[in-house]
Amino acid sequence: MADASLDVNHTLAEASKLVPRGVICLTSSLAFHGLTDQISPRVWMAIGPKDWRPTFKYPPVRFARFSGSRLLRGIEIHVIDGVSVPIFGVAKTVADLFRYRLTVGVNVALEGLREALRQKKVSPSEIAREAANAKAWKIMEPYMSALMSHG
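Residues numbered from 1 in each chain as written. Predicted model: local features only at pLDDT ≥ 70, side-chain atom pairs only at ≥ 80, totals over all residues. Heavy atoms only, no water.

## Thoughts on the overall build of the chain
Defined as follows: Starting at the N terminus, helices and strands are each numbered in turn, a helix being any DSSP run of H or I of at least four residues and a strand any DSSP run of E of at least two. Values of the radius of gyration come from C-alpha atoms, whereas the globule rule sets the reference at 2.2 Å times the count of residues to the power 0.38. With a 1.4 Å probe rolled over the protein chains alone, any residue whose accessible area is under 20% of its type maximum counts as buried; one over 50% counts as exposed, and the rest are partly exposed. Accessibility throughout is a Shrake-Rupley quantity obtained with a 1.4 Å probe, and a residue counts as covered only by protein chains that appear here. Charge counting treats Lys and Arg as positive and Asp and Glu as negative, with His and both chain ends excluded. We put the charge of a Lys on NZ, of an Arg on CZ, of an Asp on CG and of a Glu on CD.
Tallying secondary structure elements over the chain gives 8 helices and 5 strands in all. Start at the N end of the chain and walk to the C end: the helices and strands fall as α-β-α-β-β-α-β-β-α-α-α-α-α. Over its C-alpha trace the chain gives a radius of gyration of 15 Å, about what one expects of a compact globule, namely 15 Å for 151 residues. Projecting the C-alpha coordinates of the chain onto the three principal axes gives extents of approximately 50 × 35 × 25 Å. Counting every position in the chain, which comprises 151 residues, the buried fraction comes to 46%. With the model as given, the accessible surface of the chain reaches about 8500 Å², and the carbon-plus-sulfur share is 54%. The average position of the 20 basic charges and that of the 13 acidic charges among the side chains of the chain differ by 10 Å.

## Topic: the pairing of strand β2 (residues 43–47)
Quick reminder of the rule: For two strands to be treated as a pair, DSSP must find at least two bridges joining them.
With 5 of its 5 residues buried, β2 lies for the most part within the structure. Where strand β1 (residues 23–24) lies against β2, 2 bridges are found, and the strand directions are antiparallel. Residue Val23 lies in a different strand from β2, and its bridge partner there is Ala46. Of the pairings in the sheet, the one linking β2 to strand β3 (residues 61–65) comprises 5 bridges and is parallel in character. By the bridge assignment for β3, Ile47 is matched with Arg65.

## Description of the packing of aromatic side chains
Here is the rule: Stacked, edge-to-face and tilted labels apply to pairs of Phe, Tyr and Trp rings (six-membered ring for Trp) whose centres lie within 6.5 Å, assigned for plane angles under 30 degrees, over 60, and everything in between, in that order. A ring is scored as having a charge over it whenever the NZ atom of a lysine or the CZ atom of an arginine sits within 6 Å of its centre and within 35 degrees of its normal.
According to the stated counting rule, one finds 3 aromatic pairs in the structure shown. Relative to Phe88, the ring of Phe66 lies with its centre 5.5 Å away and its plane at 35 degrees, an arrangement referred to as tilted. Pair noted here: Phe66 is in the loop between β3 and α3 (68–72) and Phe88 is in strand β5 (residues 83–88), with a separation of 22 residues, a long-range link. Here Phe66 falls in the buried class, since its relative accessible area comes to 0%. Pairing Phe98 with Tyr143 gives two aromatic rings, centres 5.7 Å apart and planes at 40 degrees, and the pair type is tilted. One end of the pair, Phe98, is in helix α4 (residues 90–99); the other, Tyr143, is in helix α8 (residues 137–149), and 45 residues separate them in sequence. Under the relative-accessibility criterion, Tyr143 is labelled partly exposed at 33%. For Lys92, the ring lying beneath its charged end belongs to Phe88, and the centroid distance is 4.4 Å. The aromatic ring of Phe66 is capped on one face by Arg99, whose charged end is 5.4 Å from the ring centroid.

## Regarding a nonpolar patch on the surface
For clarity, the cut-off: Patches were defined on residues exceeding 30% relative accessible area and lacking a salt bridge, with like-charge contacts within 9 Å and nonpolar side-chain contacts (Val, Leu, Ile, Met, Phe, Trp, Tyr) within 5 Å. Each salt bridge in this description consists of a side-chain nitrogen of Lys or Arg and a carboxyl oxygen of Asp or Glu lying within 4 Å of one another.
Judged by side-chain polarity, Leu72, Ile75 and Ile77 come together as a nonpolar surface patch covering roughly 310 Å² of accessible area. Within the element layout of this structure, Leu72 appears in helix α3.

## Focus on the packing of α4 against α8
Definition in use: Lines are fitted to the C-alpha atoms to define the axes, a helix being fitted only along its stretch in contact, and any angle between axes, read from their N-to-C directions, falls within 0 to 180 degrees. Small angles under 35 degrees read as roughly parallel and large ones over 145 as roughly antiparallel, with 65 to 115 read as roughly perpendicular and the rest as oblique. Working rule for handedness: look at the near helix, and if it is turned counterclockwise from the far one by less than a right angle, call the crossing left-handed; if clockwise, right-handed. Residues are treated as being in contact if the distance between any of their heavy atoms lies within 4.5 Å. Under this grouping Gly is polar, as are all residues other than the nonpolar Ala, Val, Leu, Ile, Met, Phe, Trp, Tyr, Cys and Pro and the charged Asp, Glu, Lys and Arg.
Their axes nearest at 9 Å, the elements α4 and α8 cross at an angle of 115 degrees. Comparing the axis directions of α4 and α8 gives the class roughly perpendicular. When the axes of α4 and α8 are compared, the crossing they make is right-handed. On the side of α4, the interface is formed by Val94, Ala95 and Phe98, while α8 contributes Ile139, Met140 and Tyr143. For the contact of α4 with α8, the per-class residue count stands at 6 nonpolar, no polar and no charged.

## Description of the nonpolar core
Generally speaking, soluble globular proteins have nonpolar side chains that are buried together. Note the threshold: By convention a nonpolar core is built from buried Ala, Val, Leu, Ile, Met, Phe, Trp, Tyr and Cys residues, the set being connected through side-chain atoms within 4.5 Å.
Judged by nonpolar contacts, the single largest core of 32 residues is most densely connected at Cys25, Leu26, Phe66, Val94, Phe98, Leu113 and Ile127. Not counting the four nearest positions on each side in its chain, Leu113 is found in contact with Val94, Phe98, Ile127, Met140, Tyr143, Met144 and Leu147.

## Here we look at the pairing of β5
Here is the key point about a regular strand: its side chains alternate between the two faces of the sheet. Most of β5 sits out of view: 5 of its 6 residues are buried. Relative to β5, strand β4 (residues 75–80) runs antiparallel, the two being bridged by 6 bridges. Across the sheet, Ile80 pairs through a bridge with Val83, a residue of β5. Hairpin connection, β4 to β5: the antiparallel pair is bridged by 2 residues, and Asp81 has positive phi, about 50 degrees.

And the structure:
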């Protein structure tokens, strides 16, 4: 219906229904959590390393492969338009942005880290723990130290 009210995140619900084993991740998760004003032209979804990659035209989706343990860690379930949508939490999202920094861009990763700390959505220790699990702490540590030292 043309006059139906849709949640801003409606495409996340649509993508989740089409990829039931997928998890909303990276910039899509960052936007969902209100940590960026950038709107990605595609929904980012994490899938397993050997999961079938579905093809469909709408909504546009970009897939990132996550190992089994990384795919199952840090998932939150949010209801969007009546659909239960798995979305990575803030700390996991920030860590994954640094892990995928060459794909999403270092500036996006820095924005996510800065905003997560500024808005106090997670603690620095939660981010550090997720970064260690994502094997991204070595990359993140200097940025985290700089942001923490400047309040």
